[in-house]
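An overview of the molecular structure
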Amino acid sequence: MNFKFIQMISKKIINSKNDNVDYISGCLLDRFAQDGDLPLINYDKSIWEQFPMCGFFAFPIADSWPYKITACKGHITLSEGSHAVIAEDHLITNEIICQVHHFKWTGSYINRTQKKT
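The notes below deal with the structure included here.

Conventions used here
- Residues numbered from 1 in each chain as written.
- Predicted model: local features only at pLDDT ≥ 70, side-chain atom pairs only at ≥ 80, totals over all residues.
- Heavy atoms only, no water.
- Phe/Tyr/Trp six-rings, centres within 6.5 Å; stacked < 30°, edge-to-face > 60°.
- Helix = DSSP H or I, 4+ residues; strand = E, 2+ residues; numbered from the N terminus.
- 1 Å grid on protein atoms, 1.4 Å probe; cavity = no way out; pocket = protein on both sides within 12 Å on 5 of 7 lines; lining within 4 Å.
- Points joined across faces, edges and corners; volume = space filled by probe spheres on them.
- Nonpolar A, V, L, I, M, F, W, Y, C, P; charged D, E, K, R; others polar.

**Examining the packing of aromatic side chains**
If you walk through the whole model with that rule in mind, you get 2 aromatic pairs. Residues phenylalanine 51 and phenylalanine 103 carry aromatic rings whose centres are separated by 6.1 Å and whose planes lie at 75 degrees to one another, so their mutual orientation is edge-to-face. Highlighted residues: phenylalanine 51 in the loop between helix H2 (47–50) and strand S2 (53–55) and phenylalanine 103 in the loop between strand S4 (92–102) and helix H4 (109–116), separated in sequence by 52 residues. Pairwise contacts between aromatic rings join Trp48, Phe51 and Phe103 into one cluster.

**A short note on empty space enclosed by the protein**
Using the criterion set out here, one finds 1 cavity of 30 Å³ or more in the structure. Empty space within the largest cavity amounts to approximately 40 Å³. Around the largest cavity sit Leu28, Asp30, Phe56, Ala58, Phe59, Ser64, Trp65 and Pro66, which together line it. For the lining of the largest cavity, the secondary-structure elements that each account for two or more residues are strand S1 (23–32) and helix H3 (58–62). Looking at the lining of the largest cavity residue by residue, the classes come out as 6 nonpolar, 1 polar and 1 charged.

Remember, this is a structural readout, not a statement about activity or role.
This is the structure:
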């Protein structure tokens, strides 16, 4: 992950004197293991090597909202999970849309899901 790029974009947006940008959004890209299995995360190995496959899965299959607010100014109120801005009177820029790599489909997924129900 390129943290310098993220810092640069965040600083540019959040510290901007440009009043027409209050937040930027991103879209979830689900990450998967090569064989489609749900392995536990090995913290001694690169997460990108463990989950090299990428696709748009959660929204059409699991009916999950695919958007995230990836950066915002301090006065913005976000919904639970940072999926949306609460007030609709804020302006959004479509010039920058971030990829949000979603490492949800791991070996602990079934256990996490069962705890919610």
